[in-house]
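Understanding the architecture of this molecule
Here are the chains, one letter per residue:
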Amino acid sequence: MRRAVCPGSYDPATNGHLDIIERAAKLFDEVVVAVGVNKSKKGLFTTEERMDILREITAKLPNVRVDSWQGLLVDYCRDNDIIAVAKGLRSVSDFDYELQMAQMNRELTGLETLLMANNPAYGFVSSSLVKEISALGGDIEHLVPPIVFKRLSEKFSDRG
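Rules of the game
- Residues numbered from 1 in each chain as written.
- Predicted model: local features only at pLDDT ≥ 70, side-chain atom pairs only at ≥ 80, totals over all residues.
- Heavy atoms only, no water.
- Helix = DSSP H or I, 4+ residues; strand = E, 2+ residues; numbered from the N terminus.
- Expected span 1.5 Å × (residues − 1).
- Buried < 20%, exposed > 50% of the residue type's maximum accessible area, 1.4 Å probe, protein only.
- Arc of directions from axis to C-beta.
- Salt bridge = Lys/Arg side-chain N within 4 Å of Asp/Glu carboxyl O.
- Pairing = 2+ DSSP bridges.
- Right-handed = clockwise from strand over helix to strand, strands pointing away.
- Core = buried A, V, L, I, M, F, W, Y, C linked by side-chain atoms within 4.5 Å.
- Contact = heavy atoms within 4.5 Å.
- Axes fitted to C-alpha atoms, helices over the stretch in contact; angles between N-to-C directions.

1. Description of helix H4 (residues 92-109)
Taking 1.5 Å of rise per residue, the 18 residues of H4 would be expected to cover 26 Å, and the 26 Å separating its terminal C-alpha atoms lies within 8% of that figure. All of the buried residues in H4 are Asp94, Glu98, Ala102 and Asn105. Buried residues of H4, viewed axially, fall in a sector of 65°; they line one side. In this structure, H4 carries Val92, Ser93, Gln100 and Glu107 as exposed residues pointing more than 90 degrees from its buried face.

2. Concerning the pattern of salt bridges
Within the structure shown, the criterion is met by 17 salt bridges. Salt-bridge contacts for Asp11 lead to Lys131; the nearest nitrogen and oxygen are separated by 3.2 Å. Note that Asp11 is positioned in the loop between strand E1 (3-8) and helix H1 (15-27) and Lys131 in helix H5 (residues 127-135), a separation of 120 residues in sequence. A salt bridge links Glu30 to Arg65; its shortest N-O distance comes to 3.2 Å.

3. Regarding the pairing of E1
Here E1 lies mainly inside the structure; five of its six residues are buried. Two elements, E1 and strand E2 (residues 30-36), share six bridges in a ladder whose sense is parallel. Across the sheet, residue Pro7 finds its bridge partner in E2, namely Ala34. As a crossover connection, the stretch from E1 through H1 into E2 is right-handed. Across two bridges, E1 lies against strand E4 (residues 84-89) in parallel orientation.

4. Focus: the nonpolar core
By size, the foremost hydrophobic cluster in this structure holds 34 residues, and its most contacted members are Tyr10, Ile21, Leu54 and Leu152. Mapped by element, the contributors of at least two residues to this core are E1, H1, E2, helix H2 (47-57), strand E3 (64-69), E4 and helix H6 (146-159). Residues in contact with Tyr10, not counting those within four places in the same chain, are His17, Ile21, Val33, Ala34, Val35, Arg50 and Leu54. Grouped together as the second largest cluster of nonpolar side chains are 11 residues, Val32, Ala34, Leu73 and Leu111 included.

5. Digging into the sheet that holds E2
Ordered in space as E3-E2-E1-E4-E5, the five strands form an open sheet in which the pairing is parallel. Of all strands in the sheet, those with a lone pairing partner are E3 and strand E5 (112-117), marking the two edges. Strand-to-strand twist across the sheet, computed as the mean angle between neighbouring axes with direction ignored, equals 30°. Note: E4 against E5, six bridges, orientation parallel. Paired with Ala86 across the bridge in E5 is Leu114. Strands in contact with H4 are E4 and E5; relative to E5, the strand with the most contacts, it is inclined by about 165°.

So this is what it looks like as structure tokens:
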């Protein structure tokens, strides 16, 4: 079985994330959407909330499952028989960072990385921008899956 991972913080997941996950699901037998756990960072959504959201937005993809990981991604991949990382690229700065990470992962364990050009419709979308715009009352409904829009609206109405 050819298994890939789409790692990220997904705080929150965007339509850009979903696009990469759907495209990776067409290329691999199984795709694991892995939410990175960083205990030193306080996210808007808990790891469990992010995983629940991701399960909902990927429910229509039978070969996608959601998990979380902490530590080195290469260790997670080795422990879960994952042969490749699938990542999206929005910009040259993304490429510079992801290329260095891909080269290090390959050096450490031979893990391959598939860098996928983003859908131009989502090239400007990032989780941090989505959170900021939503917190300030801007319209991000067209940039995120419906469940994310609902959860962001709830988060920020609680604060307001």
